[in-house]
Amino acid sequence: MERKIGVYICECGPNISEKIDIDKVIDAVSLPEDVAVVKRYKLLCSVDGKKFLEDEIKKQGLTHLVIAACSPKQHEKTFMEVCENAGINPYLYQLANIREQCAWVTDDKDEATKKAIRLVKAAIRRVRYHFPLEKKEIACNPDVLVIGGGVAGLEASLQLASSDRRVYLVEKTSSLGGMVDNFEKTFPNMQPGSNLIKQKILDVNKNENIKVFTDSIVEELLGFFGSFEVKVKAKEQDAFVEFDVGAVVLATGSSFFDPKQTPQYGYGTLDNVFTAIEFEKMNKSGKISLKNGKTPKNVAIVHCVGRNEKGYCSQICCMYSLKFARYLKEKIPDVNVFHFYSDMCIPGKSQQKFYDQTKGKHINFIRSSNIEVTKKGDNVQINYSDEDGKANNLPANMVILSPAITPTSDSSQLAELAGISQDDSGFFAEEHEKLNPISTSTEGIYIVGSAQGPKDIPDTLIQAEAATGKILSSLVPGRKIEPEVKVAHISESFCIGCKNCMSVCSYGTITFDEEKKVCVVNEVICRGCGNCVAACPSGAATLKHFTFKQLYQEILEAV
Amino acid sequence: MTEETEDFEPRIVGFLCNWCSYAGADLAGNSKLPVSPSLTTIRVMCSSRVDPVLVETAFLHGADGVLIAGCHPGDCHYDEGNYYARRRFTVLEKVIEGLGLESDRLQLSWISASEGQRFADVVNEFDKKIRKMGPNPLREKKSL
Amino acid sequence: MEEKEIHSDVLVIGAGLAGIEASLLLSSSDRKVHLVEKTSYTGGTVIKFEEVFSNMECSTCMVSPRQQELLQDKNINLLTLSEVEEVKGSLGNFTVKINKKARYVDLQNCIGCNACFEPCPVSLKNEFEEGLSERKAIYTPCAGALPNVPMIDTEHCLRFNGKECTACQEACMFEAIDFNQKDEQLKLNVEAIIAATGFTLFDSKQIPKYGYGKIDDVYSAFEFERLYASNGPTEGKLRLKNGKTPKSAAIIHCVGRDQKGYCSSVCCLYSLKFNHYLKSKIPEMEIDEFYTDLCIPGKSHQKFYEKMKETGTNLIRFQDINVDKQGEGITVTYTNGGKKSSRTVDMVILSPAIEPRADSSKLAKILGISHDDYGFFKEEDPDVSSVTTSKPGVFIAGCAQGPKNIQDSVSQASAAVGKILSQSGDK
């Protein structure tokens, strides 16, 4: 079909018409044979303007459209809709920005006009090389895989499961519940930890839309958003269970820093030095006692164990240390408790009240540094530097260490399995610290709870629910996914298999076809940045709507 | 060394990334800041799209200067694209020297969406610099 | 028996980051969203900031793509200059009355050229710029505000105060200014409501010892953000009131903490961000950060703190602090461990507590939800969810629920959406 380009220049009131000699522009760009019509119009984005364009396209039988007006950030979509309504592919159009980047920044009318001519000519040149691009629709699997049966995994599973969305919950230990099951109470409301968990476990087990695998791990996870292939293996068995899902939620929790790495605290060498989790378990059993069975009289709680080594504040330790003081006071009313801390980290509207209420008789707070726990007779001694730097010491029967929260020992394997990255501390890396804290750079894989970073239970529940929000709105049963249109493409014939493109892609979009020995772009998850195109030495990679030829045409006018 | 000529009107090609620098250029427009018309913008989605061949092509066709503008390091909409742009830029500087051009004719600037004034300043200063350097010695005239 | 109508539209109150996240997520699930925003612009508080911690990312670059998406989204009915007046009904069937104030500028016709500003004869302090610069009676809060359409401040506009003036209308070539626009009363039927109305900062004037409002060059956090902003009143140039470049500064944490009774979670971090701001513009500046307990939770924040320490800033712990003007500079007197000391600086930046907005309790009443002792919207049970309230169908998100950082606000917004989609069987 013969190409017929229609060029329409918007006056934008006086904004363009007073700063640019539009008639000169019309004269300058009318020459080429394929430019069927060049007209000016008062305000193209108005209702009348859009109708005018639609009528023009149909009347003139235009195949391509060039609009010279404001920034594409303002009205690119507006005129794409006009094209669609008029029956031409919305990508066979180019918008030249002669307002924000020409009329509004160029005082001299002559210069502005010359620049506008360049910009419109560039758009005309470019649009000749545009291809019609079609919106794609991909059928998706609405089911979800949740890895980790702790409070986050349980919450996400319950929120997501329904009659047309199955949830597969895979837990590596023999029971659901995770870390929280060990806590007699949780801060700040001091409600039983089991309250949070018991009912959720019951509900999950009752729910016929949730399939639970305990003593199991995910062996393999292939595919992409909307279409993941999962292989699960139970510990005692050889066979896999295979199924497909559309999204994955990683809720694999966290671990604790091992205080054996910091021998100054005496952990593992001195009696009655316990870690937080050991103390939680002891407390939950009902009796807090020393190794010799006696009741402690003076208990030291040491905050920030491993903080320097790990390089971050674990957010919840000051709070759970205060909780420990309460546990102690509840079970041993006349015990003396000493908190050794550097900074009291209690952010949030409820936390300070909890601290204020915890302070009181026989609960002491000692701001300190350089802590060393040594043996003193049958007991221990906390040696420390006080606020002024002076050396001091305090005898104690029992020491509780509050260690940093760390990633689990299998987080690297999990990250590799899911094809996501880890941050510098080993936690799963979110896509964007502020705006996408639970998404990852692999679309369809979400990270929630302390697997993403240290946090308390309310924040963990929020993240699990947030993942639910993301999944329920993007993976709708019966509805298709519409991926980005302006994506990369690699020509099989020109690809030399160097994999340069793969090494620069932040999203794992490109895979290597072992048979054909070429790289292939997954157009469903490509974000369209074009990095691979610039990295390709053979010119096999192109970016739709930003091809070399198209940009070259713009360069020709720019110079 | 070339001298500044009265009738030398530089032709500068600007590759601006859609998310940050193009928005910053628009903001300069919204704020009605004067920007030298010697720059013609070519929009790309990410500064990492700027293929070295595109830059070389621009110079070979007579561009007096090429500006690549992207998001500040750490702010790239596509995570790390601008870091790759930075790497390609350092190699490109050597390449265009090999073509017989001063490496200063190529500039890489980080301009955020809120930096309208900065965009104007960067372009105007670049224009001044190019004027001092004179026309691209490889300049050929091309017609439509 | 009367069949109860179930609606699927959702009302989101507040077009800050949490409200924007909730709206976009609901829209992508094909829900119609009515986004009610009290001011004339979207983006909430975060668009006052040039950069956000801890990666010091440009705030506009981060937010404006979302704002653009919001403005162009067909499922989202953005109602600016609007407030919720009444809420009746229950989950699945709320009837909401909205008071939509007239903008007096047509959103369709206006192309954002700003030609109407210059001829306006009225000048007054710009609230968005914390009073550090002026605006006209017809104005947008700042360059780059979205939607990029001005509004008329009828309280100060001459015409709306009985005087003859059509200066702005005469300057407009698009017939966008319409003095005859009227406030509207809208009635909406929605399934659920998300209240994401954000926060304000504690007014440091309440504590005279900080000298705020009395001593020149004692700034509150938002004022300093605007001074630093490249689209702010000084285009980012840091100058004292006398026009000189400051050589030293004190940043004081925890302003209002004792009065409010909680730690606002983000102030230590944004105070460190201020250190970065200062050092980036004036590298040789001497900076003292006065703090009580350093609160920098989170996996990436300690690194941010270490980087700040490398810039040579003094970290000074204090128990009590006072700010006085003595001669040329500002004297900060403080006690630490019983010892009294002082530092003299050119400028002081106060980092105040986050508190609920003044109209929070009014909105809580309208929504039929309670607020906690501090005035924040009250969640039903934080051990269950911090976004559900005692009223089914009414959710809360962001700093309206309690002080928090951006990522937690955004997560709460997504969580509220998750609750809505999950409970209505959109599974």
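A. Spotlight on the overall build of chain B. Counting its secondary structure elements, chain B contains four helices and four strands. Walking chain B from its N terminus toward its C terminus, one meets helices and strands in the order β-α-β-α-β-α-β-α. Summarising its shape, the C-alpha atoms of chain B cover approximately 40 × 35 × 30 Å along the three principal directions. For chain B, the proportion of its 144 residues judged to be buried stands at 62%. At a minimum sequence separation of 6, the contacts of chain B that also span at least 24 residues come to 81%. With an accessible surface of roughly 5600 Å², chain B has 51% of that area assigned to carbon and sulfur atoms. Within chain B, one finds 17 positive and 21 negative side-chain charges whose respective centroids are separated by 3 Å.

B. Highlighting the sheet that holds strand β4 (residues 106-110) of chain B. All names here are of chain B. Taken in spatial order, the four strands make up an open sheet running β2-β1-β3-β4, and their pairing is parallel. Each of the sheet's edge strands pairs with one partner strand only, and the pair in question is β2 (39-44) and β4. Strand after strand, the sheet turns through a mean of 20° between neighbouring axes, direction not considered. Of the pairings in the sheet, the one linking strand β3 (residues 65-70) to β4 comprises five bridges and is parallel in character. If you follow Ile-68 over to β4, its bridge partner there is Leu-108. Contacting β1 (12-17), β3 and β4, helix α2 (residues 52-60) crosses the sheet at an angle of about 150° to β3.

C. Layout of the packing of aromatic side chains. A full pass over the atoms with the stated rule returns 29 aromatic pairs over all chains. Each ring, one from A:Tyr8 and one from A:Phe52, has its centre 5.7 Å from the other, and the planes form 90°; the classification is edge-to-face. A residue pair is termed long-range when its members are at least 10 positions apart, and A:Tyr8 in strand β1 (residues 5-10) and A:Phe52 in helix α3 (residues 47-60) qualify at 44 residues. The pair A:Tyr8 / A:Phe52 is uniform in exposure class, with both members buried. For the pair C:Phe274 and C:Tyr277, a centre-to-centre distance of 5.8 Å together with 35° between the ring planes defines the contact as tilted.

D. Here's a closer look at helix α13 (residues 411-418) of chain A. Residues and elements named next belong to chain A. Restricting attention to buried positions, one finds in α13 the residues Ser-411, Leu-414, Ala-415, Leu-417 and Ala-418. Buried residues of α13, viewed axially, fall in a sector of 160°; they line one side. With respect to the buried face of α13, the exposed residues turned more than 90 degrees away are Gln-413 and Glu-416. On the buried face of α13, the contacting elements are β10 (216-224), β13 (247-250), β23 (405-407) and β24 (445-447). Immediately downstream of α13, the backbone of Gly-419 shows phi near 70°, a positive value.

E. Up close: the interface of chain B and chain A. Contacts between the two partners involve 49 residues from chain B and, on the opposite side, 43 residues from chain A. Each partner contributes to the roughly 4000 Å² buried at the junction of chain B and chain A, and carbon and sulfur atoms together form 58% of this total. Linking chain B to chain A there are one salt bridge. When contributions to the side of chain B that touches chain A are tallied by element, the ones reaching two or more residues are β1, α1 (21-30), β2, α2 and α3 (81-98) of chain B. With seven residues, the top contributor of residues to the side of chain B that touches chain A is α1(B). Across the side of chain B that touches chain A, the residue classes tally to 26 nonpolar, 14 polar and nine charged.

F. Inspection of the interface of chain C and chain A at higher detail. In this assembly, 73 residues from chain C lie in contact with 71 residues from chain A. Interface area for chain C against chain A, summed over the two sides, is near 5600 Å², with a carbon-plus-sulfur share of 48%. Where chain C packs against chain A, one counts 13 salt bridges. Between A:Asp424 and C:Lys303 there is a salt bridge, with the nearest N and O atoms lying 3.4 Å from each other. Summed over the shared surface of chain C and chain A, the number is 35 residue pairs in polar contact (both at pLDDT 80 or more). Per-element accounting of the side of chain C that touches chain A gives the leading share, 13 residues, to helix α9 (residues 406-423) of chain C. Taken together, the residues that form the side of chain C that touches chain A break down as 28 nonpolar, 26 polar and 19 charged.

G. The arrangement of the pairing of β10(A) in detail. Residue and element names in this part refer to chain A. One ladder, built from eight bridges, connects β10 with strand β11 (residues 227-234); its direction is antiparallel. Directly across from Val-218, in β11, lies its bridge partner Val-232. The turn linking β10 back onto β11 is made up of two residues, and Gly-226 within it adopts a positive phi angle of 95°.

H. Broad picture of the nonpolar core. In this structure, A:Leu328, A:Met398, C:Ile194, C:Leu278 and C:Met347 are the most contacted members of the largest nonpolar core, which totals 154 residues. Top contributing element to this core by residue count: helix α11 (residues 317-331) of chain A, with nine residues. Residue contributions to this core reach at least three from each of two domains, namely domain 1 (10-101 + 183-199 + 356-424) and domain 2 (203-353) of chain C. Excluding anything up to four places from it in sequence, C:Met347 contacts C:Asp217, C:Tyr219, C:Phe224, C:Leu240, C:Pro246, C:Ser248, C:Ala249, C:Ala250, C:Leu278, C:Met285 and C:Ile330. Counting residues in each nonpolar core, the second largest holds 74 residues, with A:Cys45, A:Ile124, A:Val127 and C:Ile138 among its members.

I. Local environment of unusual backbone geometry. Of the consecutive residues A:Phe187 and A:Pro188, the connecting peptide bond is found in the cis state with omega at -5°. At A:Lys517, a position not held by glycine, the phi torsion is positive, near 60°. Relative to the elements of secondary structure, A:Lys517 occurs in the loop between β26 (510-513) and β27 (518-521). The class of A:Lys517 is partly exposed, set by a relative accessible area of 48%. Phi is positive for C:Tyr104, which is not a glycine, with a value near 70°. With respect to the helices and strands, the residue C:Tyr104 is situated in the loop between β7 (93-100) and β8 (123-125).

J. Highlighting the sheet that holds strand β19 (residues 369-376) of chain A. Residue and element names in this part refer to chain A. In spatial order, the strands read β19-β20-β21; together these three strands make up an open sheet with antiparallel pairing. Lying at the two open borders of the sheet, with one neighbouring strand each, are β19 and β21 (391-396). Within the sheet, the average angular offset between the axes of one strand and its neighbour, ignoring direction, is 25°.

K. Representation of a nonpolar patch on the surface in the model. All names here are of chain B. Residues Leu-60, Val-91, Val-95 and Leu-99 make up a contiguous nonpolar surface patch of about 290 Å² in total accessible area. If you trace the backbone, Val-95 turns up in helix α3. A residue is classified by how much of its surface remains accessible, and Val-95, at 33% relative accessible area, is partly exposed.

L. Focus on helix α8 (residues 193-206) of chain A. Residue and element names in this part refer to chain A. With 14 residues, α8 should cover 20 Å at 1.5 Å per step; its first-to-last C-alpha distance of 21 Å lies within 8% of that length. Looking at α8, one finds that the buried residues are Gly-193, Ser-194, Leu-196, Ile-197, Lys-200, Ile-201 and Val-204. With its buried residues spanning 150° around the axis, α8 presents them on a single face. Summarising the geometry of α8, the exposed residues directed more than 90 degrees from the buried face are Lys-198, Leu-202 and Lys-206. Packing partners of the buried residues in α8 comprise α7 (151-160), β6 (167-170), β7 (185-186), β8 (191-192), β9 (210-213) and α14 (457-474).

M. Focus on the environment of A:Val66. By the element assignment, A:Val66 lies in strand β3 (residues 64-69). Sequence-distant contacts of A:Val66, defined by excluding residues within four places in its chain, comprise A:Ile5, A:Gly6, A:Val7, A:Tyr8, A:Gln94, A:Ala123, A:Ile124 and A:Val127.

N. The arrangement of the side chain of A:Thr63 in detail. All names here are of chain A. Inspection of the secondary structure puts Thr-63 in the loop between α3 and β3. You can call Thr-63 buried: its relative accessible area is 8%. Polar contacts involving the side chain of Thr-63 include one to the main-chain amide nitrogen of Lys-4, which spans 2.7 Å. Side chain to side chain, Thr-63 and His-64 meet in a polar contact 2.8 Å long.

O. Region of interest: the pattern of salt bridges. All chains considered together, the criterion is met by 60 salt bridges over all chains. Across the pair A:Glu56 and A:Lys39 runs a salt bridge, and its minimum N-O distance is 2.9 Å. Of this pair, A:Glu56 sits in helix α3 while A:Lys39 sits in strand β2 (residues 35-41); the two residues are 17 residues apart in sequence, bridging distant segments of the chain. The exposure class of A:Lys39 is partly exposed, given its relative accessible area of 28%. The residue C:Asp288 makes a salt bridge to C:Arg343 at a minimum N-O spacing of 2.8 Å. Taken together, the residues C:Asp288 in strand β17 (residues 286-291) and C:Arg343 in strand β21 (residues 339-345) connect sequence positions 55 residues apart. By relative accessible area, which is 26% here, C:Arg343 ends up partly exposed. Residues participating in the shared-partner salt-bridge network are A:Glu155, A:Lys200, A:Glu465 and C:Lys419.

Conventions and cut-offs
- Residues numbered from 1 in each chain as written.
- Chains lettered and ligands numbered in written order.
- Predicted model: local features only at pLDDT ≥ 70, side-chain atom pairs only at ≥ 80, totals over all residues.
- Heavy atoms only, no water.
- Helix = DSSP H or I, 4+ residues; strand = E, 2+ residues; numbered from the N terminus.
- Buried < 20%, exposed > 50% of the residue type's maximum accessible area, 1.4 Å probe, protein only.
- Contact = heavy atoms within 4.5 Å.
- Areas by Shrake-Rupley, 256 points an atom, 1.4 Å probe, with all protein chains shown as cover.
- Lys, Arg positive; Asp, Glu negative; His and termini not counted.
- Charge placed at Lys NZ, Arg CZ, Asp CG, Glu CD.
- Pairing = 2+ DSSP bridges.
- Axes fitted to C-alpha atoms, helices over the stretch in contact; angles between N-to-C directions.
- Phe/Tyr/Trp six-rings, centres within 6.5 Å; stacked < 30°, edge-to-face > 60°.
- Arc of directions from axis to C-beta.
- Buried area = accessible area lost by both parts, 1.4 Å probe.
- Salt bridge = Lys/Arg side-chain N within 4 Å of Asp/Glu carboxyl O.
- Nonpolar A, V, L, I, M, F, W, Y, C, P; charged D, E, K, R; others polar.
- Polar contact = N/O pair within 3.5 Å; in protein donor to acceptor, adjacent residues only side chain to side chain.
- Core = buried A, V, L, I, M, F, W, Y, C linked by side-chain atoms within 4.5 Å.
- Domains from an automatic or database assignment.
- Patch = residues over 30% accessible without salt bridge, like charges linked within 9 Å, V, L, I, M, F, W, Y side chains within 5 Å.
- Expected span 1.5 Å × (residues − 1).

That is the geometry; function is a separate question.
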